[in-house]
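Listed here are the chains, written in short residue letters.
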Amino acid sequence: MSTTNAKELWSGGDSPFKVSYGKIMMWYFLISDTFTFAGLLISYGAIRSSQPKHDETNPLSWPDPNHVFNAGPGFHHAPLVFVTFMTFTLILSSVTMVRAVQEGHYMNRAGVLKWMALTILGGLVFVLSQAWEWTHLIHEGMTPSSNPFGAYSFGALFFLITGFHGFHVSVGVLLNSWAFIQTYRGVFDRRGHYEMIEKLGLYWHFVDLVWVYVFLAFYLF
Amino acid sequence: MSTLSREESKKRVWRVCGILALVTIVEIAAALIHYNYMEDSPKTFLNILFIILSAGKAYYIMSEFMHLKYELKPMVISVLAPFLFLIWGVIAFLWEGKYWLSMKQFWDVLN
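(A) Highlighting the overall build of chain B. A count of helices and strands for chain B gives four helices and zero strands. Order of helices (α) and strands (β) in chain B, N terminus to C terminus: α-α-α-α. For 111 residues, the compact-globule estimate of 2.2 N^0.38 gives 13 Å, and the C-alpha radius of gyration of chain B, at 20 Å, exceeds that figure by more than 25%. For chain B, the C-alpha atoms occupy an extent of roughly 65 × 40 × 20 Å along the three principal directions. A total of 111 residues make up chain B; the buried ones form 16% of that total.

In structure tokens form, the structure reads like this:
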């Protein structure tokens, strides 16, 4: 590298990773958020492994997810069906988000609007599904301090962790709605790029990524 | 943006969507088969399978959806390196949890 080049690099304005400032900061925020979620999920693991394993004869043992999560709107005794629907909703809304980002690269405002609308819809369906599931479980008697299915800490951890994830989804829906309005008003067209959609895309995929592990910890293990 | 053409990147997105959906179906199917037909057998092998499949899903989401695969290598390292701490975290705290359980059993203060 020549001296002039080096000087230019050190004079600012260049990203060492050829990624824009906003996107790098979103990545680093997501890393810190990963550690928050990891802290919660690792606490879940530690508390769970300090409780007796699932055992029909012990009412205080760790509950079986197939017993706890076996209902959906209008149906019962169907283990994991409703959560599968929720997982697919989140995966699909991640896909529509990627499509919005791609259309943004080609400055296709109509395309961005269409795919963002579908992403927002997917997020809303997910949050409402979770609201239904919470309501159902609370009616069954599961609260942060009680759990008819077994160890009470299961209820506390479930509401804490899915609540924190649901909060992230809700924030994502609000931010995506805001970006939808900005796109509709042509703000990003005037700016000359759709980087805001990319940054929100990173956040939205992160929410999907966290769900993979929440799903693993609560519904599969 | 990567060097992929518009059509190629579109196709790739739907392919990754298919992979994620398929892996989720396999996970659910494995969980339900275990629940319905072999509930008395230990879940250890199944849990290892779930961990591997979830790591696979995480790989596809990060590399394709979050576009990490197409970034420069130092960027990828700076994002992924901190996660090494989590491997330690998971092992250390599960170990600790098991110890709490054995202490509770020893002093007979379970529940």
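From this point, the discussion proceeds with the structure in view.
(B) Representation of the environment of I42 of chain A. Tracing the backbone shows I42 of chain A in helix α2 (residues 21–49). We classify I42 of chain A as buried; it has 21 C-beta atoms within 10 Å. Sequence separation between I42 of chain A and A217 of chain A is 175 residues, and the spatial gap between their C-alpha atoms is 9.7 Å. With sequence-adjacent residues up to four places away left out, I42 of chain A is seen in contact with G89, V90 and F93 of chain B.

(C) Focus on the interface of chain A and chain B. With 40 residues of chain A at the contact, the number on the chain B side is 41 residues. Of all the secondary structure elements, the ones that give two or more residues to the side of chain A that touches chain B are α2, α4 (81–105) and α8 (195–220) of chain A. Tallying contributions element by element places α4 of chain A first for the side of chain A that touches chain B, with ten residues. Considered class by class, the residues forming the side of chain A that touches chain B number 25 nonpolar, eleven polar and four charged.

(D) Structural context of helix α5 (residues 109–140) of chain A. Residues and elements named next belong to chain A. In this model, α5 (32 residues) spans 46 Å end to end at C-alpha, consistent with the 46 Å of a helix rising 1.5 Å per residue. Buried positions along α5 lie against α4, α6 (152–184) and α8. Within two residues after α5, G141 carries a phi angle of roughly 105 degrees, on the positive side.

(E) Region of interest: unusual backbone geometry. Residue and element names in this part refer to chain A. Residues other than glycine seldom take positive phi values, yet L80 does so here, at roughly 65 degrees. Structurally, L80 can be placed in the loop between α3 (65–68) and α4. Assessed through the 22 C-beta atoms surrounding it within 10 Å, L80 is described here as buried.

Reading the values: rules and limits
- Residues numbered from 1 in each chain as written.
- Chains lettered and ligands numbered in written order.
- Predicted model: local features only at pLDDT ≥ 70, side-chain atom pairs only at ≥ 80, totals over all residues.
- Helix = DSSP H or I, 4+ residues; strand = E, 2+ residues; numbered from the N terminus.
- Rg over C-alpha atoms; globule rule 2.2 N^0.38 Å.
- Buried ≥ 20, exposed ≤ 12 C-beta atoms within 10 Å, placed from the backbone.
- Contact = placed C-beta atoms within 7 Å.
- Nonpolar A, V, L, I, M, F, W, Y, C, P; charged D, E, K, R; others polar.
- Expected span 1.5 Å × (residues − 1).

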